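Chains, contacts and geometry: an overview
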Amino acid sequence: MQQTRKKTIVFTAALLAFTLAGAQRQIEYLSRGLHATSTGKQVLVSWRLLATDDAHTTFRLYRTGKDGKQQLLTAKPPESSTCYVDTTADLSVLNSYTVKALLNGKEQPGGATYQLAANALPYQSLPLRVIPGYAPNDVSVGDLDGDGEYDIVVHQTGSARDNSQAGITDPPIFQAYKMDGTFLWQINLGKNIREGAHYTQFMVYDLDGDGKAEVAMKTADGTVDALGRIIGDASKDYRNKDGRVLDGPEYFTIFNGLTGAAMATTDYIPERGDIGAWGGRGGNGKNDKNGNRVDRFVACIAYLDGVRPSVVMCRGYYGRTVLAAWDWRDGKLTSRWVFDTKDGSNPYSGMGNHNLFVADVDKDGKDEIIYGSMCVDDNGKGLYTTGLRHGDAVHVSDLDPSRPGQEVYGIHEIEEGTTGPGTAVFDAATGKILWTGDKDNDVGRGMAADIDPRYPGCECWGGGEGLKTCKGEPVGKAPRSVNFRIWWDGDLLAELLDGTRIEKWIYDSAQTRSLLDARQYGCVSNNGTKANPALSADLFGDWREEVIYSTADNKELRIFSTPYTTTHRLVTLMQDAQYRLSVAWQNVGYNQPPYTSYFLGEGMPQPPKEKIAIVKQNP
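All of the points below concern the structure found in this document. This is a predicted model, so every value here is computed, not measured.

A word on the nonpolar core. One finds Tyr97, Ile152, Leu323 and Leu539 to be the most contacted residues of the largest nonpolar core, which totals 129 residues. Broken down by element, the residue count for this core peaks at 6 residues, all from strand E21 (residues 297-302). Listed in part, the 18 residues of the second largest apolar core include Trp185, Ile193, Val204 and Ile231.

So, in structure tokens, the structure goes:
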């Protein structure tokens, strides 16, 4: 079955690009992202340094207070950062901040303004339309209207079930908002899409280069788009007595990010086929007929041609694994390639994770997909497999700056009579295993981040062997937190993000110090014991990251930004393509934090600016 829906917007956007030599990745236009965070005593004001800025660009910051007069705050423009601590503002009144770029002593056209409310709290509030019985869960961002500011897509979850559990679930619902809380749309995926962490992966990204992000999801009979139009046959109910959906058609739909309208729908690749044939090699490698293996989904965005993004929808990882790449171009949805391990005898079978990673591992300008213990090349062919089987987490960056290229830190499930390492670091380009740990131990979580400046590169931890250097050498006691990392305070070391807490690892005493606990502001984390934020990403301000939580009453999202100054000046992380794509796939499966393509940590060199072409909506 093939369903095609006419695109509801006119494709009038142009590539208003800083046209660089040769083909460059088309990536979203970003504004200056000016933001202010109040501590109640002072204000940290920060803004983006963009990849398109001249190396000599500095900035002037102005404040307009209750007297209506604009005051220059930066008589000497900061050269080593893109932030400023305002200690003289009257915080009992509204303060308006304006930043302007300065080049060769001249203010550049344009600029950005941010208004900080009187008696502002240390977070930005985004009120939600409450759905009875539902709670906000994972969040993704994209510029839905082309104004250079990120908008938010929220997965609202009701009653949910893991694949291994029987029971009826509520239909997954998605809502879109602007950052100021303006409601844009709501999509209901219907009763034939089961609710749970492993069923619905949603990609938010500008797929066609029109300057506005689309939303891509698996759909089914009875899905209702934001205009009230039904996909397929709404009268069909394919839920069995256990509440599982193991029959009926499956679709893949591209939605208009601004209106929520379904623009194109086609058959989902791959179809279920024999639901008892999705097991195979590796831990948890048995077969079943209750959907625990066939209904395991992840997804990502990748620049498979090196210029334009494709969306990759994936099914299976315990045994049979299928990755299907799609292009959304000029109002048409087409299949680019399909990677299929087919059966358990394939060496790539059983090598997938509850998550994935996208990176240009071979430096040819095109992205590969690191799917746990294997890697799929940009052309849809297998690049390598380590043979280390299924796992729960994978982290990719230049973990060891003394080696060329990037490394992968993998966390592996060793169970059901299997053997092998529970943790391993391997070369991202070749799959060569560099070191392993936790032999024959099932490791559920692990983390890689530079948290100790005494050792070059990132430290790795997870399992029972403590903290290790990037080369696998033992350091000592590891942090208890193995969930997320975040760049939060002013130095280049990473902080620990777990649940609603951000903590600093005090390396010389092997203890932690609390920097933020969002519980005191009524916030909760997501996904039970996984304890994830709704999202962590560099959403605005300088290169430090924001974290988003929902409130316990489900009425709003609260976005926290760092209150700390820094002496480091980096291009916004969102213009490092690997990091930006990490944010796009963060919501899939067991959520994991984003990583840059370069080493970001103590002693790092200034990273090269990525060669990109900025896609901007026509005025």
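A few words on the packing of aromatic side chains. What the rule picks out here adds up to 16 aromatic pairs. Note on Trp47 and Phe59: the rings are 5.8 Å apart at their centroids and 65° apart in plane angle, and the pair reads as edge-to-face. Here Trp47 is found in the loop between strand E3 (43-46) and strand E4 (58-64), whereas its partner Phe59 is found in strand E4, with 12 residues between them in sequence. You can call Trp47 buried: its relative accessible area is 0%. Seen in terms of ring centroids, Tyr384 and Phe426 are 6.2 Å apart; in terms of plane orientation they differ by 80°. Their pairing is edge-to-face. Pair noted here: Tyr384 is in strand E28 (residues 382-385) and Phe426 is in strand E31 (residues 421-427), with a separation of 42 residues, a long-range link. On the basis of relative accessibility, which here comes to 6%, the residue Tyr384 falls in the buried class. Each member of the aromatic cluster is reached from another via a ring pair, and the members are Tyr123, Tyr521, Tyr549 and Phe560. Here Arg293 stacks its cationic end above the ring of Tyr318, 5.4 Å away from the centre of that ring. Across from the ring centre of Tyr595, 5.2 Å away, lies the NZ or CZ of Arg485, which sits over that ring.

About the criteria used
Residues numbered from 1 in each chain as written. Predicted model: local features only at pLDDT ≥ 70, side-chain atom pairs only at ≥ 80, totals over all residues. Heavy atoms only, no water. Core = buried A, V, L, I, M, F, W, Y, C linked by side-chain atoms within 4.5 Å. Buried < 20%, exposed > 50% of the residue type's maximum accessible area, 1.4 Å probe, protein only. Helix = DSSP H or I, 4+ residues; strand = E, 2+ residues; numbered from the N terminus. Phe/Tyr/Trp six-rings, centres within 6.5 Å; stacked < 30°, edge-to-face > 60°. Lys NZ or Arg CZ within 6 Å of the ring centre and 35° of its normal.

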